[in-house]
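Each chain is listed here by its residues.
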Amino acid sequence: MSARLSFAAVPWFADALAAAAQRGATDRTFLAAWNGMGRHLGGAPVLLSQTEMATLGSEAAVAPQRWALDELGRAVLLLSAMDVMTPEQQERTVVELFRKGELRQQQALARVLGYLPDPGRFVGVAADAIRSNALSLLEIMVGGNAFPAMHLPELTFNQMVVKALFNDISLQHLPGLGRRCTSELVRMVRAMVSERTAAGRPVPADVALITQGEPDATV
Amino acid sequence: MPLFDPHIHMTSRTTDDYQAMAAAGIAAIVEPAFWVGQPRTHVGTFEDYFLSLLGWERFRAQQFGIRHFCALALNPKEANNEALASGVIDLLRQYLEKDGVVAVGEIGYDDQTEPEHRCFAEQLALAREFELPVLIHTPHRDKKRGTLRTLELIKDSQFPPELALVDHNNEETLDAVLHSGCWAGHSIYPATKMDETRMAALVKTHGPDRILVNSAADWGVSDPLKVPKTAQAMREVGIGESAIETICWRNPVQFFAQSGRMDIALGASAAAVDQRRLWEGNSVLRGQAPRIDEPHGKVG
């Protein structure tokens, strides 16, 4: 990651990580770094080369394509802090950071949810991200994000899928969609197709991913 | 003919909108409490919101000759924040008695979760207690099922269907809503929900009884002139003036008059404008000359 930071940002980021690894997310240093991440790191996309992906090996999953630098910085910062916090502190921190977060901060949280310790605790945060009117959060939840299929209850998962279809957000890269494709989800999507047809409105192409059932085609 | 927009979120709109609405013949509106685009995190924020619907927004509308009524509720989307929900419902007890509150709304289902169901049922009970009609939102996603569940809940709670306005209908939900005895609202939107042409076609087949149209205009892409535009679309396909007046004026007046708090007559014209009036020291004017109509004058 540091290869992509500006000269001045490298020591700043290293200090922030060291402080977080020592004192968790409970002191002002953490919040200052969390809030200032965009100014220090910028928001350029982190595009990994083939060589880098190969070098990272299994760790590549933690730094996938499409993340922006500030989002990745916040994710790494939060993960560093998690190590020295109690489960209760961890949970409270993530919920509060999301509730008080501006959009870029919420985006970072939506991306990192699946990498947090005991991630199933954070389905409420994921549901809020899906329910948000800021569609970038929904795009993150359905864009190469393993969290939803692994942890969301059926209703929340189904609402996420139908909301993405409603907003023409692609479901092509939603891991585990085939596995989570229940008869209830198929019913909801078919109802949407029927409603669109009755209204004379176009039907999104991705409905076929659900109605024609392509088990695990997207993983 | 005066027009009524029975569902519009004016706190999200400008004075230009009020001017255009008045010029297009809109004489009365109902503003239901709703989701403001991002989640609120304190009960106190709802209290200030309710106060603005009852105070500043009513005053602002009056400055343009439009009668403003409101519906108060915890909306379905925010019913999912359980830490907040019970506090807001408690708060409603202090506000539902107020003048100008003509319904409990918007209530209903959005994601169709358990907390939504609970808050919906609790607020139906509140409406009974305060003898108010209800304005019911139906979901964007899984709409047909959400609408049928809504009608089921109304029936199971023995809520009088004539006091329920089920909103955001489309071709697949209207029959069931009319059959239930509830009133049927239609939100005319630029791209989604329902449009003017489709609405005119529905009126051709269903007639005007218990049918309402609204703009549901808010902070998103929406159009506060959809009621006059739909009236025009109905005219263009040969629907008579009397049916149009039933849909765009008589039905909303009759429905909300069931609250006992809508002091406008069926044949009323627009309210007189006197922009010299201030509300708690505030004016909507920014240096312009105030517009003053003769008392009971017609807004033109």
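Everything here concerns the structure above.
Every value quoted in this text rests on a predicted model; they were computed, and no experiment measured them.

Outline the overall build of chain A, listing residues and values.
For chain A, the helix and strand inventory stands at 12 helices and zero strands. Starting at the N terminus and walking to the C terminus, you meet the elements of chain A as α-α-α-α-α-α-α-α-α-α-α-α. Residue burial in chain A is summarised as follows: out of 219 residues, 47% are buried. The contacts in chain A between residues at least 6 apart in sequence include a share of 72% that link residues at least 24 apart. Carbon and sulfur atoms make up 56% of the accessible area of chain A, which amounts to about 10,100 Å² in all.

Residues and numbers for unusual backbone geometry, please.
Residue E106 of chain B is reached from G105 of chain B by a cis peptide bond, and omega for that bond is -5°. Relative to the helices and strands, E106 of chain B resides in strand 4 (residues 101-108). In this model, D168 of chain A sits at a positive phi of 55°, which is unusual for a non-glycine residue. Assignment of secondary structure puts D168 of chain A in the loop between helix 10 (154-166) and helix 11 (183-198). According to the relative accessible area criterion, D168 of chain A is exposed, its value standing at 63%.

Lay out helix 4 (residues 82-95) of chain B in plain terms, naming residues and giving numbers.
All names here are of chain B. Between its first and last C-alpha, helix 4 extends 21 Å over 14 residues, near the 20 Å set by a 1.5 Å rise per residue. Those residues of helix 4 not exposed but buried are L84, A85, G87, V88, I89, L91, L92 and Y95. For helix 4, the secondary structure elements touched by its buried residues are helix 2 (43-54), strand 3 (67-72), strand 4 and helix 5 (114-129).

Talk me through the interface of chain B and chain A; I want residue IDs and the actual numbers.
One frequently used descriptor of interface size is the decrease in accessible area upon assembly of the parts. Taken together, the contact between chain B and chain A spans 23 residues of the former and 17 residues of the latter. Summing both sides of the interface, chain B and chain A together bury roughly 1,700 Å²; the carbon and sulfur share of this comes to 48%. The tally of links from chain B across to chain A stands at three salt bridges. Taking the shortest distance from any N to any O, the salt bridge between R145 of chain B and E184 of chain A comes out at 3.9 Å. Where chain B packs against chain A, one counts 10 residue pairs in polar contact (both at pLDDT 80 or more).

Tell me about the packing of aromatic side chains, and name the residues and values.
Residues and elements named next belong to chain B. Following the criterion strictly, the structure yields 13 aromatic pairs over all chains and no others. Taking the centre distance of 6.3 Å and the plane angle of 65° together, the rings of F46 and F50 count as edge-to-face. Note that F46 and F50 are positioned in helix 2 at a spacing of four residues, about one turn of the helix. The two residues F46 and F50 agree in class, both being buried. The interplanar angle of 85° and the centroid separation of 5.1 Å between the aromatic rings of Y109 and F120 together place this pair among those described as edge-to-face. Pair noted here: Y109 is in the loop between strand 4 and helix 5 and F120 is in helix 5, with a separation of 11 residues, a long-range link. Assigned by exposure class, Y109 and F120 land together as buried.

Describe in detail helix 6 (residues 103-112) of chain A, supporting the description with residues and values.
It helps to recall that an α-helix has 3.6 residues per turn; residues three or four apart then point in one direction. All names here are of chain A. Where burial is concerned, most of helix 6 is hidden: eight out of the 10 residues are buried. Where helix 6 is concerned, the buried positions are Q105, Q106, Q107, A108, L109, A110, R111 and V112. Those residues of helix 6 that are buried are in contact with helix 2 (28-41), helix 4 (69-82), helix 5 (87-99) and helix 8 (135-142). Of the residues that open helix 6, the one with a side-chain oxygen 2.9 Å from the backbone nitrogen of R104 is E102.

Could you give me a rundown of the environment of G220 of chain B, with the residues and numbers involved?
Looking at where G220 of chain B falls in the secondary structure, it is placed in the loop between strand 8 (211-214) and helix 9 (226-236). With 208 residues separating them along the chain, G220 of chain B and S12 of chain B place their C-alpha atoms 8.8 Å apart.

An account of the packing of helix 8 of chain A against helix 10 of chain A is needed here, citing residue identities and associated values.
Residues and elements named next belong to chain A. Packing of helix 8 against helix 10 brings their axes to within 10 Å, and their N-to-C directions diverge by 120°. Classified by the angle their axes make, helix 8 and helix 10 are oblique. Crossing handedness for the pair helix 8 and helix 10: left-handed. Contacts between helix 8 and helix 10 involve L135, L138, M141 and V142 from the first element and M160, K163 and A164 from the second. When the residues that make up the contact of helix 8 with helix 10 are grouped by side-chain class, the tally is six nonpolar, no polar and one charged.

Describe the packing of helix 4 of chain A against helix 6 of chain A, with residues and values.
Residues and elements named next belong to chain A. Interhelical geometry of helix 4 versus helix 6 gives an angle of 60° and a closest axis separation of 9 Å. In terms of their interaxial angle, helix 4 and helix 6 are classed as oblique. Regarding helix 4 and helix 6, the two cross each other, and that crossing is right-handed. Where helix 4 approaches helix 6, its residues D70, E71, R74, A75, L78 and L79 are matched on the opposing element by R104, Q105, Q107, A108, L109, R111 and V112.

What counts and how
- Residues numbered from 1 in each chain as written.
- Chains lettered and ligands numbered in written order.
- Predicted model: local features only at pLDDT ≥ 70, side-chain atom pairs only at ≥ 80, totals over all residues.
- Heavy atoms only, no water.
- Helix = DSSP H or I, 4+ residues; strand = E, 2+ residues; numbered from the N terminus.
- Buried < 20%, exposed > 50% of the residue type's maximum accessible area, 1.4 Å probe, protein only.
- Contact = heavy atoms within 4.5 Å.
- Areas by Shrake-Rupley, 256 points an atom, 1.4 Å probe, with all protein chains shown as cover.
- Expected span 1.5 Å × (residues − 1).
- Buried area = accessible area lost by both parts, 1.4 Å probe.
- Salt bridge = Lys/Arg side-chain N within 4 Å of Asp/Glu carboxyl O.
- Polar contact = N/O pair within 3.5 Å; in protein donor to acceptor, adjacent residues only side chain to side chain.
- Phe/Tyr/Trp six-rings, centres within 6.5 Å; stacked < 30°, edge-to-face > 60°.
- Axes fitted to C-alpha atoms, helices over the stretch in contact; angles between N-to-C directions.
- Parallel < 35°, antiparallel > 145°, perpendicular 65-115°, else oblique.
- Left-handed = near helix turned anticlockwise from the far one by under 90°.
- Nonpolar A, V, L, I, M, F, W, Y, C, P; charged D, E, K, R; others polar.

Honestly, it's all geometry; don't read function into it.
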